[in-house]
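Listed below, chain by chain, are the residues.
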Amino acid sequence: MVRRSVSRYNPEWLNKKLVIGGSMILVVVLIGLVGPLFWNTDLAYVGSSPRSLPPIWALKGNIAHPLGTENMGRDMLAQLIVGTPSSLKVGLIAASIGLGVGLVLGSLAGYMGGKVDNIIRTLADSATTIPSLAVLVVIAAHVRMQDTTVMALILALFAWPHPTRIVRAQVLTLRERGYVRMAILSGANAFEVMFIEMLPNMLPWLAASYTGGISGAILGATGLEVLGLGPARVPSLGLIINQATGASALMRGLYWWWMPPILILMIIFTGFFLITMGLDEIANPRLRGVKA
Amino acid sequence: MATPILQIKNATKTFGGGFLDSAPPLVALDRFNLEIHESPARITTIAGESGSGKTTLANAILGFMPLTEGHILYKGQDIGQMDRRGRLAYRKEVQAIFQDPYEVYNPFFRVQHIFDMAMRHFPMARTKKEARALIEDALKLVGLRGDEILEKHPHQLSGGQRQRVMVARAYMLQPRLIVADEPVSAVDASLRAMILDIMLRLRDEHGISFLYITHDLSTAYQIGDEMVILFQGVVAERGHTVDIIEHPKHPYVQELIASIPAPNPKHKWDTDIKLPPEDATRLQRVYGCRFYARCPMRMDRCKTEPPPLYSVGDNGHEASCFLYEAGTPR
């Protein structure tokens, strides 16, 4: 007889894609969490170090600045340690607000239908047609940004329509499912139907929307920072790229200046993508094939 | 006589035909009446072809779909106007089994969930042990054991097992009425016999009535007490199952029963049934008899005047056909 484990540490959570994607994100998160314990983050500011030192493996590399320094005498390692978490934070805040608003609006629209649905749907559809970067540029140019939280709030303005549409569409299809009817026959109320029966079945879509939302918000934030519209005092991945392009780092061969933030962004985007795919397989046992 | 457990009055459901909808509304169910009494428990069959309004009726009774007109009364109370407590009582007493045993399981949860959910809202057991005993008892009825299936995911069960679990779930709640919407259409022949047999046992030993919705007259003949034959949303014929199957009166029902295949290889299919295209039948919808376009016995008045139900025999045997206007069964 096959005995199935009912513990929470189910082997199905050891999905390959999820583990790889999760480790990638974990590494990036650890840069920000553990980094400050080992490295002096004051080196991230102007004039704290010699200028334009190459990284340690290059000819004139120096152990005091293993990833080199840039034009204005900022240590690259310290900049990454400070900048990476601030980029992640923007993504998390914006996507969480977007998903929260999307869950409420989407389930209202899908469940209540009629006028409520018409209003919410029209709003969400119109919002998706607006070219967000153009609007963000205008807003960002007029708002004084001291830190990244304000920027996250601005990005959240465009993070809700996509989750709203996904949740609404899912509620509409799930509403007709046999198991939803079974739950209603078992006396479940609208709240239980939504959160116990429907929500778990939306997880793949929600996870895709959420991780996509985080990536999108990070991309949006980076875009604004590269354009020089982000907070200029706190280092962020986009700001490093902005300063590197401003100082023609590409032409001058200072690859250690512009390449690390791009690499970290690539790890972030790939990691979230793999997490989405892994979650999909866990949330939907049918995708797992016959091994269970 | 006591108040019927379920009373369907003048139930009408139309689809479409809204303010901006140019197409005429589709009448799925037209002024349908039915009474189901608590005792003695009976199996009432609602039979008809696709689009006859069977499932619309089931959805309306289970409260998934509001009626356009008419009322459904549970012990004299309109189910559309119940408060939360009344509705919960209604839910416990009127349960359902559906056709598709795949769709009714949430793929996210183990089979246990389907019982837990019901236990949570209808307090039947005080301890986990009591609950488990109730579940085991219900599963025993359908020939399953809890340790075999409860911890499994629904996709690990066979179609037959799933449908039997649904029967067990409905039985566990000890309802007075089970709406069984094509419960055996998706299972194989041996399991079909088993489920029909369980239905009979629930009726005889536990006093549970059934509203058995099917397109399959032979299973209705096996287990049904009363029968209503629907055609395009109206009653063609109603009465005792045996009376209808053995002495059908309405031309549609006569054709229907002639079309039941006999399990006899020497039987030659000599009845030549000619059906006009669907469009022609739809045109007759709003006016006269809905069967006009396909009827071999049609008269001119059938085109303009809908026939009422005429008594054609004992035990409330009725048919909606002008042939029986004079009350003389042929």
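Summarised in this report is the structure supplied together with it.

1. Describing the overall build of chain A
Alright, step 1. Per the secondary structure count, chain A includes 11 helices and 0 strands.
Alright, step 2. Along its sequence from the N terminus, chain A presents helices and strands in the succession α-α-α-α-α-α-α-α-α-α-α.
Alright, step 3. When each of the 292 residues of chain A is scored for burial, the buried share is 47%.
Alright, step 4. Total accessible area on chain A is roughly 14,600 Å²; 69% of this is exposed by carbon and sulfur atoms.

2. Some details on the interface of chain A and chain B
Alright, step 1. Taken together, the contact between chain A and chain B spans 27 residues of the former and 31 residues of the latter.
Alright, step 2. Of the roughly 2,500 Å² buried between chain A and chain B, counting both surfaces, carbon and sulfur atoms make up 57%.
Alright, step 3. On the chain A side of the interface with chain B, the three residues burying the most area are A:Met182, A:Leu185 and A:Ser186, jointly 27% of the side's total.
Alright, step 4. Our enumeration of links across chain A and chain B arrives at 1 salt bridge.
Alright, step 5. For the salt bridge of A:Glu192 with B:Arg120, the shortest nitrogen-to-oxygen distance reads 3.8 Å.

3. Points about the sheet that holds strand S2 (residues 26-36) of chain B
Residue and element names in this part refer to chain B.
Alright, step 1. Sheet architecture is open: 4 strands sit in the order S2-S1-S4-S5, paired in antiparallel fashion. Strands with a single pairing partner mark the edges of an open sheet, and in this sheet they are S2 and strand S5 (77-78).
Alright, step 2. The strands touched by helix H1 (residues 54-61) are strand S1 (6-15), S2 and strand S4 (69-74); relative to S1, the strand with the most contacts, the crossing angle is about 120°.

4. Focus: the packing of helix H6 (residues 159-172) of chain B against helix H7 (residues 189-206) of chain B
Residue and element names in this part refer to chain B.
Alright, step 1. Between H6 and H7, the shortest axis-to-axis distance is 11 Å and the interhelical angle comes to 10°. When the interaxial angle is binned, H6 and H7 end up roughly parallel. Of the residues in H7, those touching H6 at Gly 160, Gln 163, Arg 164, Val 167 and Tyr 171 are Leu 191, Met 194, Ile 195, Ile 198, Leu 202 and His 206.
Alright, step 2. Classifying every residue of the contact of H6 with H7 gives 7 nonpolar, 3 polar and 1 charged.

5. Observations regarding the packing of aromatic side chains
All names here are of chain B.
Alright, step 1. On inspection of all chains with the given rule, the structure shows 9 aromatic pairs over all chains.
Alright, step 2. Centroid distance Tyr 74 to Tyr 90: 4.9 Å. Interplanar angle 65°. Geometry classified as edge-to-face. Highlighted residues: Tyr 74 in strand S4 and Tyr 90 in helix H2 (residues 84-93), separated in sequence by 16 residues. Neither Tyr 74 nor Tyr 90 differs from the other in exposure class; each is buried.
Alright, step 3. Between Tyr 310 and Phe 322, the ring centres sit 6.4 Å apart and the planes meet at 55°, which makes this aromatic pair tilted. Of this pair, Tyr 310 sits in strand S11 (residues 310-311) while Phe 322 sits in the segment after strand S12 (318-319), and the two are 12 residues apart along the sequence. Each member of the pair Tyr 310 and Phe 322 is classed as buried.

6. Thoughts on the pattern of salt bridges
Residue and element names in this part refer to chain A.
Alright, step 1. According to the stated counting rule, one finds 20 salt bridges over all chains in the structure shown.
Alright, step 2. A salt bridge links Glu 176 to Arg 181; its shortest N-O distance comes to 3.8 Å.
Alright, step 3. Among the residues examined, Arg 181 registers a relative accessible area of 18% and is labelled buried.
Alright, step 4. Sharing partners across several salt bridges, the network here consists of Asp 117, Arg 121 and Arg 168.

7. Overview of the pairing of S1(B)
Residue and element names in this part refer to chain B.
Alright, step 1. Pairing of S1 with S2, which is carried by 7 bridges, proceeds in the antiparallel orientation. Looking at S2, one finds that Phe 15 is bridged to Leu 26.
Alright, step 2. Summarising the sheet, S1 and S4 pair through 5 bridges and their orientation is antiparallel. When the bridges of S4 are listed, Leu 6 appears paired with Tyr 74.

8. Let's talk about a nonpolar patch on the surface
All names here are of chain A.
Alright, step 1. A contiguous nonpolar patch, built from Ile 56, Trp 57, Ile 63, Tyr 255, Met 259, Ile 262, Leu 263 and Met 266 and spanning about 780 Å² of accessible area, is present on the exposed surface.
Alright, step 2. Note that Met 259 resides in helix H11 (residues 255-283).
Alright, step 3. You can call Met 259 partly exposed: its relative accessible area is 34%.

9. Looking at the environment of A:Val135
Residue and element names in this part refer to chain A.
Alright, step 1. For Val 135, the location among the structural elements is in helix H4 (residues 132-142).
Alright, step 2. Classification of Val 135 by relative accessible area gives partly exposed; the value is 28%.
Alright, step 3. Between the C-alpha atoms of Val 135 and Phe 158, which are 23 residues apart in sequence, the distance is 9.6 Å.
Alright, step 4. Apart from residues no more than four positions distant in its own chain, Val 135 is found in contact with Ile 130 and Phe 158.

10. Section: the nonpolar core
Alright, step 1. In this structure, B:Phe32, B:Ile61 and B:Val165 are the most contacted members of the largest nonpolar core, which totals 97 residues.
Alright, step 2. A per-element tally of this core places H6(B) first, with 7 residues.
Alright, step 3. For B:Phe32, the contacting residues outside a window of four places in its chain are B:Ile8, B:Lys9, B:Asn10, B:Ala11, B:Ile46, B:Leu57, B:Val228, B:Leu230 and B:Val235.
Alright, step 4. Residues A:Leu237, A:Ile240, A:Ile241 and A:Ala244 belong to the second largest nonpolar core, which totals 24 residues.

11. Description of empty space enclosed by the protein
Alright, step 1. Tallied over the entire structure, the rule returns 2 cavities of 30 Å³ or more.
Alright, step 2. By volume, the largest cavity amounts to about 70 Å³.
Alright, step 3. Considering the residues around the largest cavity, the lining is formed by B:His250, B:Cys289, B:Phe291, B:Tyr292, B:Cys295, B:Met297, B:Arg298, B:Cys302, B:Pro307, B:Ser320, B:Cys321 and B:Phe322.
Alright, step 4. Looking at the lining of the largest cavity, its residues break down into 9 nonpolar, 2 polar and 1 charged.
Alright, step 5. Computed from the structure, the second largest cavity encloses a volume of approximately 60 Å³.
Alright, step 6. A:Tyr179, A:Met182, A:Glu197, B:Val104, B:Tyr105, B:Asn106, B:Phe109, B:Arg110, B:Val111, B:His113, B:Ile114 and B:Met117 together form the lining of the second largest cavity.
Alright, step 7. Per element, the largest residue contribution to the lining of the second largest cavity is 3 residues, and it comes from helix H3 (residues 112-121) of chain B.

12. Re the packing of helix H8 (residues 190-226) of chain A against helix H9 (residues 237-246) of chain A
All names here are of chain A.
Alright, step 1. Following both chains from N to C, one finds H8 and H9 inclined at 30°, their axes separated by 7 Å at the closest point. Of the possible angle classes, the one that applies to H8 and H9 is roughly parallel. As for the relative orientation of H8 and H9, their crossing is right-handed in sense. Counted together, Thr 222, Glu 225 and Val 226 of H8 and Leu 237, Gly 238, Leu 239, Ile 241 and Asn 242 of H9 form the full contact between these two elements.
Alright, step 2. Class assignment for the residues of the contact of H8 with H9 results in 4 nonpolar, 3 polar and 1 charged.

13. Focus: the sheet that holds strand S8 (residues 209-214) of chain B
Residue and element names in this part refer to chain B.
Alright, step 1. Taken together, the 8 strands give an open sheet; going across it, the order is S6-S7-S8-S3-S9-S10-S12-S11, and neighbouring strands pair in mixed fashion. Where the open sheet ends on each side, the last strands, each with one partner, are strand S6 (94-97) and S11.
Alright, step 2. Looking at chain direction, strand S10 (residues 234-240) and S12 are connected through 2 bridges and run antiparallel. Residue pairing in the sheet places Glu 237 in a bridge with Ala 319 of S12.
Alright, step 3. Across the face of the sheet, H2 comes into contact with S6 and strand S7 (177-181) while running at roughly 45° to S6.

What counts and how
Residues numbered from 1 in each chain as written. Chains lettered and ligands numbered in written order. Predicted model: local features only at pLDDT ≥ 70, side-chain atom pairs only at ≥ 80, totals over all residues. Heavy atoms only, no water. Helix = DSSP H or I, 4+ residues; strand = E, 2+ residues; numbered from the N terminus. Buried < 20%, exposed > 50% of the residue type's maximum accessible area, 1.4 Å probe, protein only. Areas by Shrake-Rupley, 256 points an atom, 1.4 Å probe, with all protein chains shown as cover. Contact = heavy atoms within 4.5 Å. Buried area = accessible area lost by both parts, 1.4 Å probe. Salt bridge = Lys/Arg side-chain N within 4 Å of Asp/Glu carboxyl O. Pairing = 2+ DSSP bridges. Axes fitted to C-alpha atoms, helices over the stretch in contact; angles between N-to-C directions. Parallel < 35°, antiparallel > 145°, perpendicular 65-115°, else oblique. Nonpolar A, V, L, I, M, F, W, Y, C, P; charged D, E, K, R; others polar. Phe/Tyr/Trp six-rings, centres within 6.5 Å; stacked < 30°, edge-to-face > 60°. Patch = residues over 30% accessible without salt bridge, like charges linked within 9 Å, V, L, I, M, F, W, Y side chains within 5 Å. Core = buried A, V, L, I, M, F, W, Y, C linked by side-chain atoms within 4.5 Å. 1 Å grid on protein atoms, 1.4 Å probe; cavity = no way out; pocket = protein on both sides within 12 Å on 5 of 7 lines; lining within 4 Å. Points joined across faces, edges and corners; volume = space filled by probe spheres on them. Left-handed = near helix turned anticlockwise from the far one by under 90°.

Any functional reading would require information beyond the geometric quantities listed.
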